[in-house]
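# Tertiary structure, described
Here is what each chain is made of, one letter per residue.
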Amino acid sequence: MGPLVSVAARPPASAGGASRPSDEVPAWLLAPADGAGGPAQPARPRRSRRLFGDRLLGTLAAWVERAVTSDEVARRPGLLQRLDPRVKLVTLLALVVIAALATRMTVLAVLLALALALVPASRIGLRQFAARAWLFIPLFTAAIMLPAIFSIVTPGRAVLTVWSHGAPFWPLPSTLAVTAPGLFAFARLVLRVTTVVSFSVLLTLTTPWSDLLKAMRAVGLPRGFVFVLAVAYRYVFTLVRLVQDMTVARTSRLVGRVSSREDRHFLGGTVAAVFGKSQATSEQVYLAMISRGYTGEAHTLNTWRLRRLDVVWSAVVAVALVTLVWFELTAGAR
Amino acid sequence: MHIPDGYLGPETIAAGWAVTVPVWYRANRRTKQLLSQPKMIPVLAFGAAFSFLVMMLNVPVAGGTTAHAVGAVLIAVIAGPDIACLAVSAALVIQAFFFGDGGILTLGINCLNMAIVMPYAGYAVYRLVAGGSDLQSSRRLWAAGIGAWCGLVTAAFLNAVELGIQPLLHTVNGVAQYAPYGLKTTIPAMVGSHALVVGPIEAAFTVGVFVVLRRQSPELFEAGAGTRPVRRRWIVALLAVFIAAVPLGLLASGGAFAESDSGEIAQRIGYVPEGLARLGGHWSGLLPDYSWNGAGGVWTVVSYIVSALVGVAVLTVIFWLLVRLRRRVAGAQVATPTKVAAPPTDGAL
């Protein structure tokens, strides 16, 4: 597993050394081609939408950027980064479990506060963290769950009546109101989802993928499965690169408008080519593995040792969790 | 379709893992039989990388919008459902642990929907429609498209049921503790959007890739053909699960769309359309309201199941008769009475 993983763990721009500005992807490289920051653009024709190929390239670039950023954050000297990956995996998973199952607002609020405290302690910028953790899933949850605050989904004591008239006018109900139980259910779900996502993102942002895999192996996941994950992650980058090359080659030869039907044809061909390529490469990788002495068993270097910080951290999390679970189960009416 | 953590209660999460882990074990064993063991790792890894990439690609739809496909049925059609199951599972694990897309605890449920039900159901439909047809025939294209659509919609339905039973399982003092919408809301929303919008995209994507792959490298499909086809007992088992799940409808407290009786319509629109009132008296069905008069409690559940069994039996007889009829017509048209060569997968779909 060693060589493959270490390649995956190293960012493309790395020139060795710890966290230097040169490790980060320069902003101009990530800026969209038609961004305001670039040189003056010729006037765009009306009703022009971005080419499918451009959008595809944008998606792929954003993905690679996320992977590289994670890797850079994971090498900063913060609290979570210094923990033993095994301890970090187990403790953060325990926090995720308790947060996902908690039903008391107090418990959830305490857990969210803990997650928020860990963000600066791990030297992660709050904006960066918010963009990664809160921009999609919690906002999406809030949007999806918004109707649940109304009486049509959650009946109960009305807090704010939107309308009320005698005869029902189907499909509209006779009264529509924001209810107290509805607001409560909404707030609790959004709070819970935000807390859980925060802990998951803390785990993934502060742990290099190779360490995460080794930690998974250490806590008992089957060797073969972890090895598949390692190789798969490494080769996602290869396949992404292939799609990027094909898309750039096509987009740079395009003139005029293209129908979405043609775009679909292109995508079908691209994916088929990627599939063929991945099959062929898997054969080659297998032969390369055999020729380097692979016998079906993957061995990894493991030099981790538990330090005092790990013990203290585990104790703190254990005490916090026991207290929260006890509170969740025994305190008065919820 | 990824369900994040926090939406589902502990029972549902546990049930997801309880179903998913044995299926992984079984798929792993069957894949090992299929491929020599060490070779399996790169093949699965590339399957997972491919699946990950497919979920990242947006398919262009008319009007400049895009939607992403899952691709589970595509991999199942090419490489067999067992490999698809493991590859999509691995891709979902990478997504959950690396991106926080889809929850970590709900990984079991998400794998059940997208890595188990979708490829196996889609593959079963693909084999059913494809029959013994040639790889290059247009019937195979229909099979791939319909299989992809069915796999996705089945997964969406299951997803809707998992979310929809949350308020039934976990409501304390009238406040939902997890996802608040009942089956009445989740099933139309999920199944509707996936049947009308996402499903056709998935089907078009699958067919698009299938067309190119079967033309350029037909030898790839031999791997998929080598897996044992779906056996009748699995279809029977699937049907049994669906029949057992029928009383879920009782929990949904509210009529299914277009199944409301006139009383309910009166409540909703304020009057009963005259024609409906006239017809309603005449047409009460063979099994009125799917249950016998006076039945209640446990008997309602039993009568639902019996009704489902009767419905399945009637449909089976109808399809059996249709197939017989078609064979007879085909036999009359073909002058030479030579039997059509049996498909290689005899005794199965």
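Residues numbered from 1 in each chain as written. Chains lettered and ligands numbered in written order. Predicted model: local features only at pLDDT ≥ 70, side-chain atom pairs only at ≥ 80, totals over all residues.

## Remarks on the overall build of chain A
Within chain A, the secondary structure is distributed over 13 helices and two strands. Counting every position in chain A, which comprises 334 residues, the buried fraction comes to 34%. The long-range share in chain A, meaning contacts at least 24 apart out of those at least 6 apart in sequence, stands at 81%. (Helix = DSSP H or I, 4+ residues; strand = E, 2+ residues; numbered from the N terminus. Buried ≥ 20, exposed ≤ 12 C-beta atoms within 10 Å, placed from the backbone. Contact = placed C-beta atoms within 7 Å.)

## A short note on the nonpolar core
Generally speaking, nonpolar side chains in soluble globular proteins are found buried as a group. Of all hydrophobic cores here, the largest spans 160 residues; its most connected members are Ala232(A), Leu44(B), Ala49(B), Leu53(B) and Ala90(B). It is helix 5 (residues 107–130) of chain B that provides the largest number of residues to this core, a total of 16 residues. If near-sequence neighbours (up to four positions away) are discounted, Ala49(B) is found in contact with Ala232(A), Tyr235(A), Val236(A), Leu239(A) and Ser278(A). (Core = buried A, V, L, I, M, F, W, Y, C linked by C-beta atoms within 7 Å.)

## With respect to the interface of chain B and chain A
Facing 55 residues of chain B, the contacting portion of chain A comprises 68 residues. Every element with two or more residues in the side of chain B that touches chain A is listed here: helix 2 (37–56), strand 1 (58–60), helix 4 (81–99), strand 4 (175–176), helix 8 (183–216) and helix 12 (262–269) of chain B. In terms of residue count, helix 2 of chain B provides more of the side of chain B that touches chain A than any other element does, 16 residues in total. Here the side of chain B that touches chain A is built from residues that sort into 40 nonpolar, twelve polar and three charged. (Nonpolar A, V, L, I, M, F, W, Y, C, P; charged D, E, K, R; others polar.)

## Some details on helix 8 (residues 137–145) of chain A
Residue and element names in this part refer to chain A. Those residues of helix 8 that sit buried are Ile137, Pro138, Thr141 and Met145. All buried residues of helix 8 fall inside an arc of 95 degrees around its axis, so they share one side. Exposed side chains of helix 8 directed beyond 90 degrees from the buried face belong to Leu139, Phe140 and Ala143. Looking at the buried side of helix 8, the elements it contacts are helix 9 (180–206). (Arc of directions from axis to C-beta.)

## Details of helix 5 of chain B
All names here are of chain B. When the terminal C-alpha atoms of helix 5 are compared, their 32 Å separation across 24 residues agrees well with the 34 Å that a helix rising 1.5 Å per residue should span. The largest bend in helix 5 is about 35 degrees, located at valine 117, with the proline proline 119 one to four residues further on. Of all 24 residues that make up helix 5, 22 are buried, and the element is covered over most of its length. Within two residues after helix 5, glycine 131 carries a phi angle of roughly 55 degrees, on the positive side. (Expected span 1.5 Å × (residues − 1). Bend = angle between axes of the 7 residues up to and from the residue.)

## Some remarks on the confidence of the model for chain B
Residues and elements named next belong to chain B. Averaged over all residues, the pLDDT of chain B is 74; the fraction at 70 or higher stands at 66%. Averaged pLDDT values over the elements of chain B bottom out at 45 in helix 12 and peak at 92 in helix 5. Between residues 335–349, whose pLDDT stays under 50, and residues either more than four places distant or in other chains, the model counts eleven contacts. Predicted complex, confidence summary: ipTM 0.77, pTM 0.74. (pLDDT = per-residue confidence, 0-100.)

## Some words on the pairing of strand 1 (residues 158–164) of chain A
All names here are of chain A. The buried count for strand 1 comes to zero of seven residues, which makes it a mostly uncovered element. Sheet topology places strand 1 next to strand 2 (residues 175–179); five bridges connect them, and they run antiparallel. Its bridge partner being in strand 2, leucine 160 is matched across the sheet by valine 178. (Pairing = 2+ DSSP bridges.)

## Here we look at the packing of helix 10 (residues 209–218) of chain A against helix 11 (residues 223–251) of chain A
All names here are of chain A. Interaxial distance between helix 10 and helix 11 falls to 9 Å at its minimum, and their mutual angle equals 170 degrees. Considering the angle they form, helix 10 stands roughly antiparallel to helix 11. Facing helix 10, whose interface residues are Trp209, Leu213, Met216 and Arg217, helix 11 presents Arg223, Val226, Leu229, Ala230 and Tyr233. Of the residues in the contact of helix 10 with helix 11, the class split is seven nonpolar, no polar and two charged. (Axes fitted to C-alpha atoms, helices over the stretch in contact; angles between N-to-C directions. Parallel < 35°, antiparallel > 145°, perpendicular 65-115°, else oblique.)

## Re unusual backbone geometry
Residue and element names in this part refer to chain A. If you check the backbone angles, arginine 123 has positive phi at about 60 degrees while not being a glycine. Here arginine 123 lies in the loop between helix 6 (105–121) and helix 7 (126–133). Its 15 C-beta neighbours within 10 Å are what place arginine 123 among the partly exposed residues.

## Digging into the environment of Gln177(B)
Structurally, Gln177(B) can be placed in the loop between strand 4 and helix 8. With 105 residues separating them in the primary sequence, Gln177(B) and Ala72(B) have C-alpha atoms 32 Å apart. With near-sequence residues (within four places) excluded, Gln177(B) lies in contact with Thr103(A), Gly9(B), His170(B), Thr171(B) and Val172(B).

## Observations regarding the confidence of the model for chain A
All names here are of chain A. When pLDDT is averaged along chain A, the result is 78; 80% of the residues meet or exceed 70. When mean pLDDT is compared element by element in chain A, helix 6 scores highest at 91, while helix 1 (residues 2–9) scores lowest at 40. Every residue in residues 35–48 scores below 50 in pLDDT, and together they form three contacts with partners more than four places removed in sequence or on other chains.

## Regarding the packing of helix 7 of chain A against helix 9 of chain A
Residues and elements named next belong to chain A. For the pair helix 7 and helix 9, the least separation of the axes is 10 Å and the interaxial angle reads 115 degrees. As judged from the angle between their axes, helix 7 and helix 9 are roughly perpendicular. By crossing handedness, the relation of helix 7 to helix 9 is classed as right-handed. Mapping the contact onto sequence places Phe129, Arg132 and Ala133 in helix 7 and Val197, Ser198, Val201 and Leu205 in helix 9. (Left-handed = near helix turned anticlockwise from the far one by under 90°.)

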